[in-house]
Amino acid sequence: MTKRKLAMITGSTSGIGFELAKLFAHDGYDVAMSGSSEKIYASVKEIEKIGVEAYPFQADASTYDGVEQFWNFVKDKKRKLDAAVLNVGISIGGAFLENDLEEELKLIDINIKGTVHMAKRVVQDMVPNKEGNILLVSSVSATLPTPYETVYGPSKSFVFMFAEALREELKETGVNVTAMLPGATNTEFHHNAGMDSTYFGDENNKNDKTVVAQQGYEALMNKLDHVICGDEATKKEAEENRRTPEDVKAAQHAKKAKPKQ
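Below you will find a few notes about this structure.

Here is what the cut-offs are and how they apply
Residues numbered from 1 in each chain as written. Predicted model: local features only at pLDDT ≥ 70, side-chain atom pairs only at ≥ 80, totals over all residues. Heavy atoms only, no water. Core = buried A, V, L, I, M, F, W, Y, C linked by side-chain atoms within 4.5 Å. Buried < 20%, exposed > 50% of the residue type's maximum accessible area, 1.4 Å probe, protein only. Helix = DSSP H or I, 4+ residues; strand = E, 2+ residues; numbered from the N terminus. Pairing = 2+ DSSP bridges. Right-handed = clockwise from strand over helix to strand, strands pointing away.

### So, the nonpolar core
The biggest cluster of nonpolar side chains holds 34 residues, and the ones touching the most others in it are M8, F70, L81, M118, V122 and I134. Counting only elements with at least two residues in this core, the list comes to β1 (6-9), β3 (54-58), α3 (64-75), β4 (83-86), α4 (101-126), β5 (132-137), α5 (152-170) and β6 (175-182). In terms of nonpolar packing, the next biggest core, distinct from the first, is built from 29 residues, A7, A21, V44 and A219 among them.

Quick look at the structure:
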């Protein structure tokens, strides 16, 4: 019977989620990993090279069944869950007027409904054990209006406030909740959102995913309330967002996110 701890990470095929999986593995955690494509199986093989057990599960996080099936997959391991990273999330670039409604509703299903669903399962599992770490991945976009990502930003604002509320509720239980707010990061995130023709399509304008993941991981292990992840410019932007009027922030983001003609 292994004595290693167990972590579960949603949205861990690549990007920040995969980098977090590596950090847990290097710390001696076995890792249950989910992703929407078959690439999750190759990602797990990379994690196993570190010397831990890794468990892949392909699931559609936009559906109730997809979330529930991954949770049941984790519980079928018959092991105590020590850490959970709720990282799954997508964006859609472009004008709200023109974007497809079904795709926007799918974004809400993944970023909000799926997060709440999995958090419910994790919290109800961890609280009886009187310990556990939960990392909820939000975004610096949670701190401002996001024109041309008009549904994404509010979805991440929900995740941030949800994390803060949950942290307060659980503070006497032994279960920690930390919110992670990355700035733009060098992953496939903006490409998948159809934003290659924007400011966010330039890799020079993005943070290093390994640095971002390390900052989030350290914040979780130190049981911090939340952490802004990225370089000093990213941290400064998030701080300035506290003082800047909403209409000014909206105009600034629009210049970055509006597709070039």
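### Some details on the pairing of β1
Within a regular beta strand, the side chains point alternately toward one face of the sheet and then the other, so they alternate between its two faces. Burial of the side chains of β1 extends over both faces: L6 and M8 are buried on one face and A7 and I9 on the other. With four bridges joining them, β1 and strand β2 (residues 30-35) adopt parallel strand pairing. Its bridge partner being in β2, I9 is matched across the sheet by M33. Where the polypeptide runs from β1 across helix α1 (residues 15-26) and back to β2, its parallel neighbour, the crossover connection is right-handed. In terms of strand pairing, β1 meets β4 through three bridges, oriented parallel. Within β4, the position partnered with I9 by the bridge is V85.

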